[in-house]
Amino acid sequence: MEELKGKHIVLGITGGIAAYKSVILLRLLIKSGAEVQVVMTPNSKEFVAPVTFASLSQKPVVSEFFTANTGEWHSHVDLGIWADLMVIAPATASTISKMAHGMADNMLVTTYLSAKEPVMIAPAMDLDMWNHPTTQRNIRILGEDGVMIISPGSGSLASGLQGKGRMAEPEEIFLQIEKFFSKTEELKGTKVMVTAGPTYENIDPVRFIGNYSSGKMGYAIAEELAERGAEVTLISGPVNLPAPASPLIRKISVTSAREMFDESQKAFNTADIAIFAAAVADYAPEVQFDKKIKREKEEELLIRLKRNPDIAAQLGKNKEGRLTVGFALETEKGIDNALKKLQTKNLDLIVLNSLEDPEAGFMKDTNKITIISKDGENLKYGAKSKREVAIDIIDAILRYRKYH
Ligand code: C5P
């Protein structure tokens, strides 16, 4: 039962009464073979003595920047390189706030700010503190920063009150840690190419033909793939999104459909899976003026357009065992049109979203999809965040891959 053998975990303890439960969490981690370095905030030592954690982990607890009598320097940077995962349990309102705002006034928050590894927190506090808009805002910030949050449970609190704020049980946190590690293995070694965002087709140096695609769906897919261990090449048109932080994602920025096609061709060569989530312009101006077009007396200006390459269809011609996934944004006869696209582009799966749906489409944070496979199976999903939709799409790809 050594599922976590060889895994390096930083376990952060902060000053809440739930710190006593972290002793049990530490024991579970050690029993399953993990190597654990405990980092304590100064306040947390009021709740559980460092010697308890030190003897269970068989490593001295780190709490200060220096060991006072030897002058030994504890490197938060080295811990960031050593660790595969950082878990802060319990995470108090104060530590959550410091993490959200980068207030590095103790060894634990400093370690968090240097963390190269994913971070998980198990909040623990009184119900009013948990419900306070400030805490909720800070939790949202951490969620957006990619921190995994293990929701507190409801029940009796140390204050004598009843409600939400109780730290998740150590067994539950342990389960989440195990799940995290098995997820990172799921697509290990699999190479995936993802196109995302719009393309801009220049008319002259200051004008272009573009579309409203935000790139959010493609980026969410790339991030979810990387969390499952895949090596991702993200070929992105011009978007207003931060570059994904995962070292497993290589982002290539392009502007036009032609550039996206060239980069996709290169990435496709070595890919196992290709996901075409970009909204590629179908046409580009035949001539691109190298000087700004001036306003003339004529009432009309004609711009001739020529067809752009259909990236998905072109690459689909020689896919040799690669699994390809496309998107269809339809305003009418969704399933019929999506099925036609699936065939003409030689796709394995197509993700349909209907523009008629108020919860689906460009610029939105949510999406509502139907996934249709080459075998004619179709699965309809409810409205979800784009990250949750990404999970559904990747789950569907993995299911499809298992049976083909
Ligand atoms: O034909 P339509 O543009 O509706 O098809 C959409 C699907 O095809 C999407 O997956 C999109 O990324 C892909 N596509 C492409 N290259 C194009 C046009 C669409 O890869 N030029």
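Residues numbered from 1 in each chain as written. Predicted model: local features only at pLDDT ≥ 70, side-chain atom pairs only at ≥ 80, totals over all residues. Heavy atoms only, no water.

A. Quick peek at the site of the ligand. Taken together, the neighbourhood of the ligand is formed by Phe276, Ala278, Val280, Asp282, Pro309, Asp310, Ile311, Ala312, Gly326, Phe327, Lys341 and Lys345. With respect to the ligand, the backbone of alanine 278 contributes an N or O atom lying 2.7 Å from an oxygen atom. Between the ligand and lysine 345 there is a distance of 3.0 Å, counted from an oxygen atom to a side-chain nitrogen or oxygen. Sorting the residues of the shell around the ligand by element identifies α11 (311–316) and β16 (323–330) as the ones contributing at least two each. Grouping the constituent residues of the shell around the ligand by class yields 7 nonpolar, 1 polar and 4 charged. (Near = heavy atom within 4 Å. Polar contact = N/O pair within 3.5 Å; in protein donor to acceptor, adjacent residues only side chain to side chain. Helix = DSSP H or I, 4+ residues; strand = E, 2+ residues; numbered from the N terminus. Nonpolar A, V, L, I, M, F, W, Y, C, P; charged D, E, K, R; others polar.)

B. A nonpolar patch on the surface, seen in detail. A contiguous nonpolar surface patch, about 380 Å² in accessible area, is contributed by Tyr283, Leu301, Ile303 and Leu305. Inspection of the secondary structure assignment puts tyrosine 283 in strand β14 (residues 283–285). Given the relative accessible area of 39%, tyrosine 283 is considered partly exposed. (Patch = residues over 30% accessible without salt bridge, like charges linked within 9 Å, V, L, I, M, F, W, Y side chains within 5 Å. Areas by Shrake-Rupley, 256 points an atom, 1.4 Å probe, with all protein chains shown as cover. Salt bridge = Lys/Arg side-chain N within 4 Å of Asp/Glu carboxyl O. Buried < 20%, exposed > 50% of the residue type's maximum accessible area, 1.4 Å probe, protein only.)

C. Molecular detail of the environment of valine 51. Topologically, valine 51 is positioned in helix α2 (residues 50–57). Looking at valine 51, the relative accessible area reads 57%, which means it is exposed. Taking the C-alpha atoms as reference points, valine 51 and valine 61, separated by 10 residues in sequence, lie 7.7 Å from one another.

D. Summary view of the sheet that holds strand β8 (residues 191–196). With mixed pairing, 8 strands are arranged side by side in an open sheet as β12-β11-β8-β13-β16-β17-β19-β20. In this open sheet, the two edge strands, each paired with only one partner strand, are β12 (249–253) and β20 (378–380). Neighbouring strand axes in the sheet, compared pairwise and without regard to direction, differ in orientation by 15 degrees on average. Bridging between strand β13 (residues 273–276) and β16 involves 4 bridges; their strand directions are parallel. Within the sheet, the bridge partner assigned to isoleucine 275 lies in β16 and is valine 325. Along the sheet, helix α9 (residues 216–227) makes contact with β8, β11 (231–236), β12, β13 and β16, crossing β11 at roughly 165 degrees. Packing of helix α13 (residues 386–402) onto the sheet brings it into contact with β13, β16, β17 (349–354), β19 (369–373) and β20, and relative to β19 it is tilted by some 15 degrees. (Pairing = 2+ DSSP bridges. Axes fitted to C-alpha atoms, helices over the stretch in contact; angles between N-to-C directions. Contact = heavy atoms within 4.5 Å.)

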